[in-house]
Amino acid sequence: MGLVWTLIAGFLYAEICVVLLLVLPVASPYKWNRFFKSKFLAMIARQAHLYFFLIMGVLVLFLLEAIREMRKYSNQEHSSDVHLNTEMQHSMRLFRAQRNFYISGFAIFLVLVIRRLVTLISAQANLLDQNEATLKQAQSASAIIRSLVEDRNTEKADEAKEDSTLAEITYINHFIIALHANKKCSTLTNLRKRVQGLNANMSQLTLITKMKERIHELTAELNREKKDKEALKSQAEGLNKEYDRLTEEYSKLQKRMNINAEGGDKADKKAA
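Conventions used here
Residues numbered from 1 in each chain as written. Predicted model: local features only at pLDDT ≥ 70, side-chain atom pairs only at ≥ 80, totals over all residues. Heavy atoms only, no water. UniProt positions renumbered as here; feature names shortened; annotations may be inferred. Patch = residues over 30% accessible without salt bridge, like charges linked within 9 Å, V, L, I, M, F, W, Y side chains within 5 Å. Areas by Shrake-Rupley, 256 points an atom, 1.4 Å probe, with all protein chains shown as cover. Salt bridge = Lys/Arg side-chain N within 4 Å of Asp/Glu carboxyl O. Helix = DSSP H or I, 4+ residues; strand = E, 2+ residues; numbered from the N terminus. Buried < 20%, exposed > 50% of the residue type's maximum accessible area, 1.4 Å probe, protein only. Phe/Tyr/Trp six-rings, centres within 6.5 Å; stacked < 30°, edge-to-face > 60°. Lys NZ or Arg CZ within 6 Å of the ring centre and 35° of its normal.

Looking at an unreviewed UniProt entry, one finds the protein named Endoplasmic reticulum transmembrane protein, with Glossina pallidipes as its source organism. According to its UniProt record, the protein has this under Function (unreviewed entry): "May play a role in anterograde transport of membrane proteins from the endoplasmic reticulum to the Golgi." For the record of the protein, the UniProt heading Subcellular location (unreviewed entry) holds the text "Endoplasmic reticulum membrane".

Colleague: Just checking my understanding: could you explain a nonpolar patch on the surface for this structure?
Modeller: A contiguous nonpolar patch, built from Tyr13, Ile16, Leu20, Leu21, Leu24 and Val26 and spanning about 580 Å² of accessible area, is present on the exposed surface. In this fold, Leu24 is placed in the loop between α1 (3-23) and α2 (29-36). A residue is classified by how much of its surface remains accessible, and Leu24, at 46% relative accessible area, is partly exposed.

Colleague: Is there a simple way to explain the UniProt feature "transmembrane region" (unreviewed entry) in the protein in this structure?
Modeller: Summarizing the sequence annotation, UniProt attributes the feature "transmembrane region" (unreviewed entry) to residues 6-27, 48-67 and 101-118 in the numbering used throughout. In residues 48-67, the share of helix is 100% and the share of strand is 0%. The end C-alpha atoms are 28 Å apart. The annotated region residues 101-118 carries 100% helix and 0% strand content, and the separation between its end C-alpha atoms amounts to 26 Å.

Colleague: It is not clear to me how the packing of aromatic side chains should be interpreted in this structure. Could you clarify?
Modeller: Ring pairs (aromatic) are described by centroid distance and by the angle formed between their planes. With the rule as written, the count across this model stands at 3 aromatic pairs. Ring centres 5.4 Å apart and planes at 70 degrees place the aromatic pair Phe52 and Phe53 in the edge-to-face group. Relative accessible area serves as the criterion here: at 15%, Phe52 is assigned to the buried category. Note on Phe101 and Tyr102: the rings are 5.5 Å apart at their centroids and 65 degrees apart in plane angle, and the pair reads as edge-to-face. The ring of Phe52 carries the charged tip of Arg115 above its face, separated from the ring centre by 4.2 Å.

Here it is in structure tokens:
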């Protein structure tokens, strides 16, 4: 086996190992996605399409060469006068051509398989992230709804308590009026104390209601602040992306200017 076909066979074995690593449960999609988005692979991914088409072009050329060799040695007819050694050499060359054909063909096939596996694993990791984020949002929404229901039930209980207290105060007032008409001073004094206690309870309930209203206002204000913060965060991300894009365009423009300047210097030197 020549040096070139040895390299192609080694590339095929490496592809088989990569496919096994991607297919077997060695790591989770999250880990593979972090590995694919690492700095080293991110630098390679910028020219990934170029590398892919370059490798595919080289492998296709060798595949066509193997097909040509197969057709060349398959179309030759053997006569009875041909020496046995010559026939064995011919068969050996045909075998090598067939072997090279299978090596290059499987290498091309595995390149496509690896590319597809990487795409599917990245998509699966993104879907899992979206699913987890959606689940967290649903849990937070259910917690908010549960807290609102509990607050509503508490408010209803407080309203019922206030109504019962008001009814009791009204009843006691009527009873005080009746006792005042009968001039029962001791009972009247006790009832007045009871009314004062009920009034104190009413003031406490009013204070609690005001505090709850204040809590609701603060919660609404906090939610508004969170929304404003998220909006500012999204704007900052957009500005960062725009800055990166402008930086990249500036670097490309600077490279072009340097190339043009070098070309101008070379032209001036040639003219001189």
